[in-house]
Each structure stands twice: as structure tokens, then as C-alpha cells.
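Residue-level listing of the chains:
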Amino acid sequence: MRYAAYILTNVCRLLLSATFILSGYVKAIDPLGTQYKIKDYLEALSLYGVFPDWTTLAASVTLSAAEFSLGILLLFAIQRRVISRTILALMVIMTVITVWIFFYDPVQDCGCFGDALKLTNGQTLAKNIVLTICAATVAARPMKMPRLISKTNQWIVINYTVIFIFATSLLSLYTLPYFDFRPYHVGADIRKGMEIPEGAPQPEFETTFILKKNGVTKEFTLDNYPDSTWEFVDSKTVQTKKGYVPPIHDFSITLNKTGEDITRQVLDSKGYTFLLISPLLEHADDSNFGNIDRIYEYALDYNIPFYCLTASGEKAIRRWQDITGAEYPFCTTDETTLKTVIRSNPGLMLVKDGVVIRKWSHNMLPDTETLDRPLDKLEIGQADQTSTMTKIMRIMLWFVFPLALLTLADRTWAWTKWIKQKRNKNKLYKLFKHKKMRKKIVAGNWKMNMNLQEGVALAKELNETLNAEKPNCGVIICTPFIHLASVAQILNQDVIALGAENCADKEKGAYTGEVSAEMVKSTGAQYVILGHSERRQYYNETPEILKEKVLLALKNGLKVIFCIGETLEEREAEKQNEVVKAELEGSVFNLSAEEFKNIVIAYEPIWAIGTGKTATAEQAEEIHAYIRSIVAEKYGKETAEDTTILYGGSCKASNAPELFAKPDIDGGLIGGASLKAADFKGIIDAWKK
């Protein structure tokens, strides 16, 4: 049953995503066609003309982008809950609309798939009902859809998809639709498109006669027509069956000057004919009229017929002539037909022997340099040989292939990560993992000691000493604020990292005397100590204040040495575990596992700081092991094993080797002993013993 639900959900997912991707793409490559369909709906709702053209065009582009993007996001299982519910809501709305279309027939075609696929209103309703059921199935079990790409890389798919589909629409608006599904596509024979095949179904009609006799009125058909004693009153004829309608059934050209129908003359003409197409000249773009005029002059030079086909009246034609100086003849053709012929106003079409050879938008007209010979000698005079398969391969190259490559790389990475996780479960590996992977650190906390000159001198001495004899652990010195920038210039931070002793809990503003995390980072520091017992005791730093400091430090790229520890009274009351857990929960356990990787924990028994007292190695190990266990509870064993935990209570060169030998103690946070290079190095060298 569980597998059946899994299979059903993903079959529905694939059906929905394929439908949305196809529907969105065919709309995106023909934004003007989608705009015309939106206007048909507005006209059916008596709202035609209420919205300006730019709003319907924007709606067209947005609708296609939304459909395509939703399909891709569903396919890749990105934001599964949100996307599945959005698609369900959209399908419910679309189904309600198609119910209205089915019963009231306001439009003949819903426009779901543009001109690529025509559906009857009944087929559209059935399709939407099926898709709504699929959407409900997916929305009910969104987490059964496996991701095709990891969460961290989903932003690439989202951004690339949105950019691609908007770019597709904008390019189609500037040029022409990349795929042309209309009957006037390049290579189409207009004459054949107008033909009715032999034996094609013919339309059927029924005539009803209304007759009267002796004051009685009745209706009759031809089958039961009465005798001549009945008096004729009226008749009505209705179509009872549609016949075959050819793809091109409304194409006609009437010359304005004479009123002559020249349709057959143009289509039967042997040779080339230029047709400038403008559904409405009053809305035509006149920015490239110079190119149009030059093409007309070229046509005159080579005796090529040139006509402008428009549905505009004489007033609009005269205005166009005044603006552009047009001298070519104008012809009348149906507006809807012209909008179907070419998605540009104006656009140019080249016909030869009734066959469409080339089409150009007004932005991409052939230039004068191209038109230097007869058309039959030019490339533009030959039919465009770019096949549909070639165009599909280009789309694959620009969109499908990059996403497929990203998916393959991502899944390969996920597989290697899975292998690594399996390996990490090996008990022998885990036994040695923390020894191999966990970073060992000795950090010095100078506190409020040494002026600038003294601090710089100590930093120089440490830098020279440790560069000459590389340490076996990470070394950090955390200095007062005034030292940071100067010391950063001295240290080789590949050997000695620099840290601050504190930072503010505010990002910026009127906080006199405070130093923000951003300021600390700008000095060249990599670490900051937060939560030190002296800050908690003397400056009343609460868990909430420390939480803000930690977040700001991480936001600005600083790693945090976070201090925790109990007082003597708490230790004597055996509350040390309770205390350290509360301090972690209050300030750092709100972080994500990824963020927590930038935390170094420093356990400092407050009763041992500066007192000369030191926790025994066993006491320190016991509390360190406990700290690691609660980190494991929160973030898992792997994170706990990788977390560095330092001891910070009167650690000296004499006791450091014993402390550092314990498996859960990863170094020390050193106070007074860090103020002298020799003492500090003695602790660092404990890792060599």
C-alpha cells in the first residue's frame, strides 16, 4: 500500500509537471497569442478595453512564466508542500473557469496550449478534472516526491528557470515565436491550406417553414411540407452539423484603390511577393519605417510585388503614409487573420508561389547590405531550412542540458556523501575519527592587559617563535580591541589566528563605546570570545544578549569561542551538568547544524579561573564528555565528534599534557599564561608530548 501511494503520487507529479511545462512554454514563445486569448476572455466578460494593452501583455508573460516555473519546480520537487498546494489551488480555479466555458461557450478554444494543441471545451474540462485529481493526490502526500536535486542547490534551478522563461518571452516579443504552430508558418503553402479535401464532411442545414391555414400556424420541414392550401408566413435555417473547415479559411486581399480581390493573383503569382502585415496601423511600431521603405525600393528595382495588408481604415492609412512616407499599395485583410499570420505589428512576410518563405518582425528586417542581389541569389530568398528537431536540440542545449548536468553532479555528490556516511558508521573508523578530524586548539585570552606597544611586541615574539617551530595544534590569540588591527599586520594567520575578546550585541548605531562584530571582522580577526564568566558576572550578560552576539558574529564571518562553566557553589551542589546545558541551550543551541560548526566550546570552571585551583584531569574529562553528549543529542553524533571543546581553568605547561591527553579535551583557553611567550609555548608544546 505504501509503495502504491508512492508510485501514484509520482505518476501524478510527472503528469502535472509535463502539462505545466508544455503549457507554460508554448505560451511563453507566443506572448502576443496568449495576450489575444486573454482579450477574448475579457470580451466574453464584457471587460474588453477596460485594461490597457500593456497589462494584458504583462499578464500573458507572467502567466506563462508561472506555469512553466511551477512545472519545473514540481518536477525537481522543490518546496514540495508550497508548490503542490499552489498547483492544486490553480487547478481548482482553472477547472471552475472551464466549467463556465463548457456550459456557456464564450470562447471556442481555452488557449491552454496556445496554437500547439487545440482542444474542444469538453476536452479541456475533462483534462482539468483529471489534473485537479492529480494535484490533490500530490498535495496530500508532497513528501513522497523524491528530490532530483539537493536543497542547497535548489536556488540554481529556481533562478535559472525564471531567467530562462522570461528571456524566452522577451526574445519572442522582439523577434518572432521560436516555434510557429499557426497555418502561416514558414514553409506553409497558403493555397493548400485553403483547400477542402475531396470527400470532406460538408456542413448540414435544416430549414423550417412556418405556414398558416384557417387561423392555425404550424411549422413544417421539407419532409412533411403540406399542400398549397397553406399560406407561407416565414422560414428559418439552422446549421445542424459542422463540415470540414480548412486551416486557412479567412485569408483574402482586397486592393484599396480599386476594391479588387487580388487574393488568387498574389498566391498564384510565379515568383516572390513581399507582404507587409499590420493588423492595425494605428497601433503599429513606426521606428523602423526606414528599413521598410528601403525594402520597398529594393522590390521596385527587382519588379517584386509589395503590398501592405491591414484592417485599418483610410484615416489610419493616411496617417501612416504621412509619418513614414509610404508609397506602397495598401490592401484590406481581416484583423484576426493578420494577427494569426505574424506576431508583429508591423511584420514582413515573403511569399513565393503561394508558399511562405520567410517572416520577420519589424525589429529584425533584412538590412540594405543584405539586399544587394536578386532574391533567388540570396539566402533570405530561400526557405529557412532549420528543422524542428534542430530547434528542439537548441532548447535542450540552453535549458535542459545545463539542468541535467547540474542534477547529475548534485546526485553524484549526494551519493558520495551517502557512501561517506556509511563509512562513518564503521565502529573502527569512529574510534579514531575524533583523533583525526577534530581540531586541537590552544587559545590565549589576554583580557585587559598590556598597552598597544607591549601587545605588539608579544605578538611579534609569538609569531617568530611559532613560524620557526610549527605547532602541532591550532593557535589563537584573543586581544583587546585596541590591539587587533596592529597585531593582524604582524601575524602569519596560517599559524596564529587572531581573535577578539568580545563584540557588541547590536549591529550598528548610537552605542557609544561598543565595538560591533563587523568592526572586529574588519580588523582581520577570525575569532571572538563570547560568554566568558567575567562578562556574565561583571557586565550582566544574559543568555539572550549572548544569543544576539553569537548570531551577529556568525553573520559577519567570525568563529565563536563560547564559554560555559559553573561556580564553586554550583559545583559543590553537583549542578555543573545542569548549568552548562542551560548555558548552551540559552545561547547557541538555537543555531542550525551548519552554523554550529563555527562554534568552539570553552569549558571554564569559574572556581578555577585565576585562583590557582585546577580541576583534575578526570573532573575535566567528565564534564567535557557530558558537554559532547548534549551536543550529540541536539545535532547528532557526527557534529558532536567534530566539535572542539577547550578547557579554560588555570591551565599551565605543567598540567596541560595530562589534561590534553583526555579524549574529550581538545585544548585550552589560556588566561594569564598566555601573556608570556615562553609560558604560552610551553602549553602549546603539550600537544607534542
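Residues numbered from 1 in each chain as written. Predicted model: local features only at pLDDT ≥ 70, side-chain atom pairs only at ≥ 80, totals over all residues. Heavy atoms only, no water.

Examining the UniProt feature "active site" (unreviewed entry) in the protein chain
And step 1. Residues annotated in UniProt with the feature "active site" (unreviewed entry) correspond here to His532 and Glu604. The annotated residues occupy 73 residues of the chain but converge on a single region, no pair of C-alpha atoms lying more than 8.3 Å apart.
And step 2. With respect to the helices and strands, His532 occurs in the loop between strand E13 (527–530) and helix H17 (533–538).
And step 3. For His532, a relative accessible area of 7% puts it in the buried group.
And step 4. Those residues in contact with His532, other than ones at most four positions away along the chain, are Asn445, Lys447, Cys563 and Glu604.
And step 5. Within the element layout of this structure, Glu604 appears in the loop between strand E15 (599–603) and helix H22 (617–635).
And step 6. A distance of 2.7 Å separates a polar atom in the side chain of Glu604 from the backbone nitrogen of Ser533. (UniProt positions renumbered as here; feature names shortened; annotations may be inferred. Helix = DSSP H or I, 4+ residues; strand = E, 2+ residues; numbered from the N terminus. Buried < 20%, exposed > 50% of the residue type's maximum accessible area, 1.4 Å probe, protein only. Contact = heavy atoms within 4.5 Å. Polar contact = N/O pair within 3.5 Å; in protein donor to acceptor, adjacent residues only side chain to side chain.)

What to know about the state of the cysteines
And step 1. Counted by the stated rule, this structure contains one disulfide.
And step 2. Of all cysteine sulfurs, the one in Cys651 lies closest to Cys473, which takes part in no disulfide; the gap is 11 Å.
And step 3. No disulfide involves Cys478; its sulfur sits 9.0 Å from that of Cys563, the nearest cysteine.
And step 4. On the basis of relative accessibility, which here comes to 0%, the residue Cys478 falls in the buried class. (Disulfide = S-S within 2.5 Å.)

Side note on the sheet that holds strand E8 (residues 347–352)
And step 1. Here we have six strands laid out as an open sheet, ordered E4-E7-E6-E5-E8-E9, and mixed in their pairing. Either end of the sheet is taken by a strand with one partner, and the two such strands are strand E4 (254–255) and strand E9 (355–361). (Pairing = 2+ DSSP bridges.)

Things to note about the sheet that holds strand E2 (residues 216–220)
And step 1. Taken in spatial order, the three strands make up an open sheet running E2-E1-E3, and their pairing is antiparallel. Taken across any chain shown, the strands that pair with only one partner, and hence form the sheet edges, are E2 and strand E3 (231–241). Averaged over all neighbouring strand pairs, the angle between strand axes comes to 20°, with direction disregarded.
And step 2. Note: strand E1 (residues 204–213) against E3, nine bridges, orientation antiparallel. (Axes fitted to C-alpha atoms, helices over the stretch in contact; angles between N-to-C directions.)

Topic: the nonpolar core
And step 1. Counting residues in each nonpolar core, the largest one holds 67 residues, and the members touching the most others are Ile477, Phe562, Ile599 and Phe660.
And step 2. By residue number, the principal contributor to this core is H22, which donates seven residues.
And step 3. Sequence-distant contacts of Ile477, that is, excluding residues within four places in its chain, are made with Gly444, Trp446, Ala459, Leu462, Val487, Leu491, Ile496, Ala497, Leu498, Gly499 and Phe680.
And step 4. Cys12, Ile21, Ile29 and Ala135 belong to the second-largest nonpolar core, a separate cluster that totals 33 residues. (Core = buried A, V, L, I, M, F, W, Y, C linked by side-chain atoms within 4.5 Å.)

Notes on unusual backbone geometry
Most of the time, phi is negative for any residue but glycine, and the peptide bond is trans.
And step 1. Asn345 connects to Pro346 through a cis peptide bond whose omega is 0°.
And step 2. One non-glycine residue with positive phi stands out, namely Met450, at about 70°.
And step 3. Take Met450: it is sitting in the loop between strand E10 (441–445) and helix H14 (452–468).
And step 4. We classify Met450 as partly exposed; its relative accessible area is 23%.

As for the pattern of salt bridges
Two side chains carrying opposite charge are able to pair once their charged atoms lie near each other.
And step 1. Under the criterion given, the structure shown has 33 salt bridges.
And step 2. Across the pair Glu507 and Lys555 runs a salt bridge whose closest N-O atoms are separated by 2.7 Å. On the criterion of sequence distance, the pair formed by Glu507 in the loop between strand E12 (496–500) and helix H16 (517–522) and Lys555 in helix H18 (residues 543–555) is long-range, its members being 48 residues apart.
And step 3. One salt-bridge network, held together by shared partners, links Asp30, Asp115, Lys118, Asp180, Arg182, Arg343 and Lys359. (Salt bridge = Lys/Arg side-chain N within 4 Å of Asp/Glu carboxyl O.)

Topic: a nonpolar patch on the surface
And step 1. Together, Met389, Ile392, Met393, Met396 and Val400 line one region of the surface with nonpolar side chains, adding up to about 440 Å² of accessible area.
And step 2. The class of Val400 is partly exposed, set by a relative accessible area of 34%. (Patch = residues over 30% accessible without salt bridge, like charges linked within 9 Å, V, L, I, M, F, W, Y side chains within 5 Å. Areas by Shrake-Rupley, 256 points an atom, 1.4 Å probe, with all protein chains shown as cover.)

Concerning the packing of helix H4 (residues 80–104) against helix H5 (residues 121–140)
And step 1. Packing of H4 against H5 brings their axes to within 9 Å, and their N-to-C directions diverge by 160°. As far as their axial angle goes, H5 and H4 are roughly antiparallel. When the axes of H4 and H5 are compared, the crossing they make is left-handed. Residue-level contacts link Ser84, Arg85, Ile87, Leu88, Met91, Val92, Met94, Thr95, Thr98, Val99, Ile101 and Phe102 of H4 to Asn121, Gly122, Thr124, Leu125, Asn128, Ile129, Leu131, Thr132, Ala135, Ala136, Val138 and Ala139 of H5. (Parallel < 35°, antiparallel > 145°, perpendicular 65-115°, else oblique. Left-handed = near helix turned anticlockwise from the far one by under 90°.)

A closer look at the packing of helix H3 (residues 53–75) against H4
Pairs of packed helices are described in terms of their axes, by the angle between the two and the distance that separates them.
And step 1. The geometry of H3 relative to H4 is characterised by a closest axis approach of 10 Å and an angle of 140° between their N-to-C directions. When the axes of H3 and H4 are compared, the pair comes out oblique. By crossing handedness, the relation of H3 to H4 is classed as left-handed. Contacts between H3 and H4 involve Leu70, Leu73 and Leu74 on the former and, on the latter, Ile83, Thr86, Ile87 and Leu90.

Topic: the pairing of E13
And step 1. Both faces of E13 are covered, namely the face carrying Tyr527 and Ile529 and the face carrying Val528 and Leu530.
And step 2. Judged from the two bridges that link them, E12 and E13 form a sheet pairing that is parallel. Each residue of the ladder has a partner; that of Ala500, found in E13, is Val528.
And step 3. For the crossover from E12 across H16 to E13, the handedness is right-handed.
And step 4. Sheet analysis places E13 next to strand E14 (residues 559–564), joined by four bridges and oriented parallel. Within E14, the position partnered with Leu530 by the bridge is Phe562. (Right-handed = clockwise from strand over helix to strand, strands pointing away.)

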